[in-house]
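Residue-level structural notes
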Amino acid sequence: FIEARYRTRTDRGGRAVAGLSMGGFGAMSYAARHPDLFGFAASFSGAVDLLHPGITGIVTISPLAHEGLPGDIFGLRLLEEPRWRAHNPVDLAANLRGVEIQLRTGNGQPGGAHGGSFDPVEMGVSEATATLHRRLDALGIPHLYDDYGPGAHTWPYWQDDLAATLPGITAFFAR
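Described in the following lines is the structure provided in the data block. It should be emphasised that the depicted structure is a prediction, and the values quoted were computed from it without experimental measurement. (Residues numbered from 1 in each chain as written. Predicted model: local features only at pLDDT ≥ 70, side-chain atom pairs only at ≥ 80, totals over all residues. Heavy atoms only, no water.)

Focus: the overall build of the chain
Counted only if it meets this: Counting from the N terminus, the helices are the DSSP runs of H or I reaching at least four residues and the strands are the DSSP runs of E reaching at least two. We compute the radius of gyration over the C-alpha atoms and compare it with the globule rule, which gives 2.2 Å times the number of residues raised to the power 0.38. Burial here depends on accessible area, computed with a 1.4 Å probe over protein chains only, as a share of the maximum for the residue type. Under 20% is buried, over 50% is exposed, and the range in between is partly exposed.
Within the chain, the secondary structure is distributed over six helices and four strands. Starting at the N terminus, the α and β elements of the chain follow one another as α-β-α-β-α-α-β-α-β-α. Scaling as 2.2 N^0.38, a compact globule of 175 residues should have a C-alpha radius of gyration of about 16 Å, and the chain matches this with 16 Å. Counting across all 175 residues of the chain, residues that qualify as buried make up 44%.

Quick look at the structure:
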């Protein structure tokens, strides 16, 4: 749609993807499944490891909020593990070689710049982001990993993440 209506660059040097929470998963999953399409990818408090128990649970039951059935996204993990892994950024991390990556997250503890109490959702995505970070390190793939400590799964933190990431996106497009 965008390419049909606007003058855009269609090479990976003209494309970046970023997202927060489940959108952070989407950004990393798209970039890892299509490294030929994206040259820059960022995740803010991203659910970037589908095999993390809390994320598996949310992905499994979230269709209920939209009159769907558990497992409507990738199937039930017990029965469809290969499908889950085929979309999981941690499993696909080797494909991110050559993609500029930024991962940003709080740890769910209270006391961050924008306040908030203990946040188990942010704690879970922080653990998932740390798993992806360790996988990228093990593969020798350069990336920015910013676990800024106390912080919640809320808009003020994501606004800070976006502000911190924009210079990297701008520099990527300038090159």
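Quick notes on helix α2 (residues 22-33)
The line we're drawing: A helix's residues, less one, multiplied by 1.5 Å, set its expected span. For this analysis, residues touch if any pair of their heavy atoms sits within 4.5 Å.
With 12 residues, α2 ought to run about 16 Å at 1.5 Å a step, and its terminal C-alpha atoms sit 16 Å apart, in line with that. The complete set of buried residues in α2 reads Gly24, Phe25, Gly26, Ala27, Met28, Ser29, Ala31 and Ala32. Where α2 is buried, its residues contact β1 (16-20), β2 (40-44), β3 (100-105) and α5 (120-138).

Observations regarding the sheet that holds β3
Formally: Two strands pair under a simple rule: DSSP has to find at least two bridges between them. Orientation is described by lines fitted to C-alpha atoms, with helices fitted over the stretch in contact, and by angles between N-to-C directions that extend from 0 to 180 degrees.
One open sheet accounts for four strands, arranged β1-β2-β3-β4; its pairing is parallel. Every other strand in the sheet has two partners, leaving β1 and β4 (144-147) as the edge strands with one partner each. Adjacent strand axes in the sheet meet at a mean angle of 5°, parallel and antiparallel pairs treated alike. Judged from the five bridges that link them, β1 and β2 form a sheet pairing that is parallel. For Ala16, the partnering residue across the bridge sits in β2 and is Phe40. Set on the sheet, α2 makes contact with β1, β2 and β3; between it and β1 the angle comes to about 150°.

As for the pattern of salt bridges
Let me state the cut-off plainly: Throughout this description, the term salt bridge denotes a Lys or Arg side-chain nitrogen within 4 Å of a carboxyl oxygen of Asp or Glu.
In this structure the tally under the stated criterion is eight salt bridges. The partner of Arg15 in a salt bridge is Glu3, with the nearest N and O atoms 2.2 Å apart. Of the two residues, Arg15 sits in the loop between α1 (2-5) and β1 while Glu3 sits in helix α1, which places them 12 residues apart along the sequence. Overall, Arg15 belongs to the buried group, its relative accessible area being 17%. Across the pair Glu100 and Arg175 runs a salt bridge, and its minimum N-O distance is 2.1 Å. Separated by 75 residues along the polypeptide, Glu100 in strand β3 and Arg175 in the segment after α6 (155-174) bring together distant segments of the chain. Each of the salt bridges in this network shares a partner with another, and the network as a whole consists of Arg77, Glu81, Arg85 and Asp91.

A closer look at the environment of Ala138
With respect to the helices and strands, the residue Ala138 is situated in helix α5. The spatial distance from the C-alpha of Ala138 to the C-alpha of Ala93 is 10.0 Å, given a sequence separation of 45 residues.

Comments concerning the side chain of His52
Inspection of the secondary structure assignment puts His52 in the loop between β2 and α3 (53-61). For His52, a relative accessible area of 14% puts it in the buried group. What His52 contacts, discounting residues up to four positions off in sequence, is Gly124, Glu127 and Ala128.

Regarding the side chain of Asp161
As a reminder, the rule being used: We treat Lys and Arg as the positive residues and Asp and Glu as the negative residues; His and chain ends play no part in the count.
Locating Asp161 in the fold gives a position in helix α6. The side chain of Asp161 is buried and forms no salt bridge, while Arg104, the nearest opposite charge, is found at 5.3 Å. Leaving out residues up to four positions away in the same chain, Asp161 has contacts with Phe44, Ser45, Arg104 and Tyr148.

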